[in-house]
Structures are given as C-alpha cells and as structure tokens.
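Geometric and topological summary
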Amino acid sequence: MNANQFIKALEQMRGWRECIFILALAERAFPNYVLFDEAIGAKKGAKMRLLLDEAWGMVEEKAGDARVTQALARLESLAPNPDGYDMYGVYPADDFCKLLEQALLNRLNSTRPRALDASQWATATVAQFIEMSEGEDLDEDALVRLLDRHELMKVDKVFQRDLVHSLKKQRVPTAEFLRSIRTEAANDGVSNLGIALEDE
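Read on for an overview of the structure. Small disclaimer: the values here were computed from a predicted structure and weren't measured.

About the criteria used
Residues numbered from 1 in each chain as written. Predicted model: local features only at pLDDT ≥ 70, side-chain atom pairs only at ≥ 80, totals over all residues. Heavy atoms only, no water. Core = buried A, V, L, I, M, F, W, Y, C linked by side-chain atoms within 4.5 Å. Buried < 20%, exposed > 50% of the residue type's maximum accessible area, 1.4 Å probe, protein only. Helix = DSSP H or I, 4+ residues; strand = E, 2+ residues; numbered from the N terminus. Contact = heavy atoms within 4.5 Å. Axes fitted to C-alpha atoms, helices over the stretch in contact; angles between N-to-C directions. Parallel < 35°, antiparallel > 145°, perpendicular 65-115°, else oblique. Nonpolar A, V, L, I, M, F, W, Y, C, P; charged D, E, K, R; others polar. Expected span 1.5 Å × (residues − 1). Bend = angle between axes of the 7 residues up to and from the residue. Phe/Tyr/Trp six-rings, centres within 6.5 Å; stacked < 30°, edge-to-face > 60°. Lys NZ or Arg CZ within 6 Å of the ring centre and 35° of its normal.

Once that is clear, we can look at the nonpolar core. If you look at the biggest cluster of nonpolar residues, it comprises 51 residues, and the most contacted ones within it are Ile 20, Phe 21, Leu 23, Met 48, Phe 96, Leu 100 and Leu 104. Broken down by secondary-structure element, the contributors of at least two residues to this core are helix 1 (3–12), helix 2 (15–40), helix 3 (45–60), helix 4 (65–78), helix 5 (90–108), helix 6 (115–134), helix 8 (151–169) and helix 9 (175–186). Here the element with the most residues in this core is helix 2; it accounts for 14 residues. Apart from the residues within four sequence positions on either side, Leu 104 is in contact with Ala 55, Met 58, Val 68, Ala 71, Leu 72 and Leu 75. Ala 127, Leu 146, Leu 147 and Met 153 belong to the second-largest nonpolar core, a separate cluster that totals 10 residues.

A few words now on the packing of helix 5 against helix 6. The interhelical angle for the contact between helix 5 and helix 6, taken along N-to-C directions, is 170°, at an axis separation of 10 Å. It follows that helix 5 is roughly antiparallel to helix 6 by the angle criterion. In this structure, helix 5 uses Pro 92, Asp 95, Lys 98, Leu 99 and Gln 102 to contact helix 6, whose residues at the interface are Ala 118, Trp 121, Ala 122, Thr 125 and Gln 128. Residue composition of the contact of helix 5 with helix 6, grouped by class: five nonpolar, three polar and two charged.

Let's shift gears to helix 2. When the terminal C-alpha atoms of helix 2 are compared, their 36 Å separation across 26 residues agrees well with the 38 Å that a helix rising 1.5 Å per residue should span. Most pronounced at Ala 29, the bend in helix 2 amounts to some 40°, and the proline Pro 31 follows within four residues. Where burial is concerned, most of helix 2 is hidden: 21 out of the 26 residues are buried. Within two residues after helix 2, Gly 41 carries a phi angle of roughly 70°, on the positive side.

Okay, the packing of aromatic side chains next. Following the criterion strictly, the structure yields four aromatic pairs and no others. Seen in terms of ring centroids, Tyr 33 and Phe 96 are 5.6 Å apart; in terms of plane orientation they differ by 45°. Their pairing is tilted. Pair noted here: Tyr 33 is in helix 2 and Phe 96 is in helix 5, with a separation of 63 residues, a long-range link. This pair shows no difference in class: Tyr 33 is buried, exactly as Phe 96 is. One aromatic cluster is present, formed by Phe 30, Tyr 33 and Phe 96 through successive ring pairs. Its end group placed over the ring of Phe 30, Arg 49 keeps NZ or CZ at 4.9 Å from the ring centre. In this arrangement the basic side chain of Arg 161 is found over the ring face of Phe 6, its NZ or CZ atom lying 5.0 Å from the centre.

Here you go:
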C-alpha cells in the first residue's frame, strides 16, 4: 500500500472501522498520558484506562448518545490543558486525549470523516518527539532526513498501514478481532514514542 492508497483508504473509512482505527491509535498512545500523569502526580491514569476500555466496549455494543456524551464529559475532566504546563510531556498526553475524543465522537456521528486527521495527529506526535529529542540543532533538510530514516517513524507507518489492511479485510467487528487489534495496539505497554510503562 503506497502513500496515496493509504490516504485514500483513510478518507473512505467509516463507521466501526474508523472507530477501531482511531481507538487503536489512542491505545498505542495511552502510555504517553500515563507517564505525564505520573510526572505531575495527578493520579488520573486509572480513570483514563477505564474510559479507554469503555470506548472499546462501545464498538461491540450500540452505546446510546447519552452514554457517549457522558464519556466525552469525563474525558474533558481528565484531559490536561497544554497551556497550564511548562513541560513537553503534556503534548503527547494531550494528543492521546484528542484521539480518544475523536473515537467517541465517531460513535455520535459516524458520517463525518475522522481517520485521516487522527492518523496525521498520531504521526505528528512521533515527529515532534524526534525533533525535540534529536533534531534541535538540525537545519530543515537534515531534520527531514532524520524523520525519514528514524525507526520510530518506520514503526508508526507499519503499524498504521497494517491496521488499515486488517480493517479492510474484516467483515464484522467480532470480539476476537477486537481483542487482536487491542493487543497489537497496546504493544506490551510501549507507546508510539518508544516509551514503556514500568511494571508496578
């Protein structure tokens, strides 16, 4: 699947496939939220985990609008305000929250396309992390070369394209299929930034 085919597939994605795609991106980004939450001592990680689990559950069962609206309100209360913190970690945490919000909004209105934006947000999170950690003193050309060759960018691209391929082949969102996507997305607790949650 080349870049144009990938973009076209995302633009055409709707309904449960789009919701699963965005949720999988959120699942992969979840450790970024937890690490920021731990760094500031907010202790909201467990509540956010429950909310993410509930969002996955909404794919299998037809959640009413009221339940989705309540979930969105809970997300808003758990999401950090990037303007309120002078530290980089708030941005990947906020990006996770944006992805989860889009997955929930898909349950309210599945006709508006969201997959392409979500894909670009997730990739931008990775690109900004690489730029912040390794590309500070590089000129624009050198930075582009760094991003093109970077292992984290390659892993992100493969993950997203494999996900699209799996969703295109799947006829219905069975419980087994959802489990396999969640497991793949969770990546043994390693986020899209290559950062792992420490075992308790």
